[in-house]
Amino acid sequence: MAEKKAKQQNSKLPEEFEVFGFANDLLAWYDAQKRDLPWRINRDPYRVWVSEIMLQQTRVETVKPYYQNFMEKFPTIEALADAPEEEVLKAWEGLGYYSRARNLQAAAREVKEQYNGIVPDTLEEISRLKGIGPYTAGAILSIAYEKAEPAVDGNVMRVFSRLLLMEDDIAKPATRVKFEQLVRQTIPDGRAGDFNQALMELGALVCLPRTPQCLTCPVFDYCLARKEGVQHDLPVKGKAKPPRPVDMLVAVIANGDQLLIRKRPEQGLLAGMWEYPMVEKAASRNEQDQLYDWLLERYGIEADIEQKLTRIEHTFSHLHWQLEVYWCEPIAMEELSFWPDQAKFVPFSQLSEYVFPVAHAKITEWLKNHGKQA
DNA sequence: TATACGTGGTT
DNA sequence: TAACCAAGTAT
């Protein structure tokens, strides 16, 4: 019982840690050095919200152009709520983690209908919105509403690991909770938003993962890891599993100036996106034979599987695709009223109207570069 | 708790 | 160059 209670108890800052001085010095640095970013023009909750979703696991420089475009197309919560999902996905094309876009729109609809179009300002309510987890909830509440909530991301965990010389594995979910307890105790009155952003800014500009710039660090004096000279050994982070290799056979099938594409399932990897038909390569089988049989069975298309066009490699966090791309010359097609997967022939010039994942966009690019289609 | 979920930049 | 990393969330 005593042990359980101890486990639930909040982690405490070290007695000697100078909270006030730390926050003050960090904020002074932030005020002077913060970057001009498109989402820092004001603190509008919707603008903050969109930026935080886009920035999840995504670099600032990558997000910038997407953010500008997104805010032009969907300037308000209502505009986003009322837009066709396809348009939202199109604006997200190439950014990755596409469920973010679907969840963001679903949440915008929820805010429009249940909250009169106003992003809720309580942890309870905002956390119920799709796509808003502990980090994003804290970020929006602190930045847009000046609530004293922590926003603990990878930067903050790295900064605090070093600052307080903590060896907890930041890859474990429980560690984030511990950091939230600690950060909460350092948030200065009235400047929660700036403080959270300052911690992240420090991680992004100074307290770098491999090469911490301690000599220019505004909180050099407070850093326990630096005092011990172990800043390069922190944070501790368990190794991720390597991506699993998956070999796919891709069929590029032309009918005049049209190409056959299909829609991926609404759940799972690259949900709802369009792609060239493909099948996972069988372990021990001739590629051409397998593709020939598969096209006939699944789409009723008898095709001459010609020379392999190219090999495209694409790595996800958890998968490594090797796409063997074949040019397939149709010999005969069954008269079907519809095909599985919503498959259909689309003129090459109209492919851009469909949302493709990068791996398949690479194929389109290859076709263009090799004069396969005008 | 561990895994699924994208993509591109950095060392 | 092969990791490693980036303003995480859902299940």
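Residues numbered from 1 in each chain as written. Chains lettered and ligands numbered in written order. Predicted model: local features only at pLDDT ≥ 70, side-chain atom pairs only at ≥ 80, totals over all residues. Heavy atoms only, no water.

A separate point is the overall build of chain A. Each helix and strand counted, chain A has 15 helices and seven strands in total. The principal-axis extent of the C-alpha atoms belonging to chain A is close to 80 × 50 × 45 Å. The burial tally for chain A puts 49% of its 374 residues in the buried class. Partitioning the contacts of chain A with sequence separation of at least 6, the portion at a separation of at least 24 is 67%. Counting only carbon and sulfur atoms, one obtains 49% of the accessible surface of chain A, whose full area is about 19,300 Å². Between the mean site of the 46 positive side-chain charges and the mean site of the 55 negative ones, chain A shows a separation of 4 Å. (Helix = DSSP H or I, 4+ residues; strand = E, 2+ residues; numbered from the N terminus. Buried < 20%, exposed > 50% of the residue type's maximum accessible area, 1.4 Å probe, protein only. Contact = heavy atoms within 4.5 Å. Areas by Shrake-Rupley, 256 points an atom, 1.4 Å probe, with all protein chains shown as cover. Lys, Arg positive; Asp, Glu negative; His and termini not counted. Charge placed at Lys NZ, Arg CZ, Asp CG, Glu CD.)

When the domains of chain A are assigned, the result is domain 1 (13-152 + 170-207) and domain 2 (244-369). For domain 1 and domain 2, the distance between their C-alpha centroids amounts to 37 Å. Summed over both partners, the interface of domain 1 with domain 2 buries about 780 Å², with 47% contributed by carbon and sulfur atoms. Summed over the shared surface of domain 1 and domain 2, the number is one salt bridge. The interface formed by domain 1 and domain 2 holds six residue pairs in polar contact (both at pLDDT 80 or more) in total. When residues of the side of domain 1 that touches domain 2 are assigned to their parent elements, the largest contribution, three residues, is made by helix 6 (residues 85-92). Of the residues in the side of domain 1 that touches domain 2, the class split is three nonpolar, one polar and four charged. (Domains from an automatic or database assignment. Buried area = accessible area lost by both parts, 1.4 Å probe. Salt bridge = Lys/Arg side-chain N within 4 Å of Asp/Glu carboxyl O. Polar contact = N/O pair within 3.5 Å; in protein donor to acceptor, adjacent residues only side chain to side chain. Nonpolar A, V, L, I, M, F, W, Y, C, P; charged D, E, K, R; others polar.)

Turning our attention to the pattern of salt bridges. Oppositely charged side chains can pair when the atoms bearing their charge come close. Counting across every chain of the model gives 26 salt bridges. Here Glu85 and Arg102 are joined by a salt bridge, their closest N and O atoms 3.1 Å apart. Remark: Arg102 occurs in helix 7 (residues 99-114) and Glu85 occurs in helix 6; sequence separation between them is 17 residues. Glu85 sits in the partly exposed class, given a relative accessible area of 32%. Among the salt bridges present, the one from Lys178 reaches Asp168, with a minimum N-O distance of 3.1 Å.

Contacts to DNA strand B come from 21 residues, most closely from Arg59, Tyr98, Lys241, Leu270 and Ser317. Among all atoms of DNA strand B positioned within 4 Å of the protein, those belonging to sugar or phosphate total 60%. Contact between DNA strand B and Thr58: a base nitrogen at 3.0 Å from a side-chain N or O atom of the residue. In this structure, a phosphate oxygen belonging to DNA strand B sits 2.6 Å away from a main-chain N or O atom of Leu270. (Near = heavy atom within 4 Å.)

Another aspect to go through is the packing of helix 3 (residues 45-54) against helix 7. Where helix 3 contacts helix 7, the two axes come as close as 10 Å, and the packing angle between them is 160 degrees. It follows that helix 3 is roughly antiparallel to helix 7 by the angle criterion. In the packing of helix 3 onto helix 7, the handedness of the crossing is right-handed. Across the interface between the two elements, Trp49, Val50, Ile53 and Met54 from helix 3 touch Arg100, Leu104, Ala107, Ala108 and Val111 from helix 7. (Axes fitted to C-alpha atoms, helices over the stretch in contact; angles between N-to-C directions. Parallel < 35°, antiparallel > 145°, perpendicular 65-115°, else oblique. Left-handed = near helix turned anticlockwise from the far one by under 90°.)

We now examine the nonpolar core. Of all hydrophobic cores here, the largest spans 108 residues; its most connected members are Trp49, Phe70, Phe160, Trp321, Leu323 and Leu367. Residues from two domains meet in this core; each of domain 1 (13-152 + 170-207) and domain 2 (244-369) gives at least three. Once residues within four sequence positions are removed from consideration, Phe70 is found in contact with Tyr46, Val50, Met54, Leu80, Val88, Ala91, Trp92 and Leu104. Grouped together as the second largest cluster of nonpolar side chains are 17 residues, Ile253, Leu291, Tyr299 and Ala343 included. (Core = buried A, V, L, I, M, F, W, Y, C linked by side-chain atoms within 4.5 Å.)

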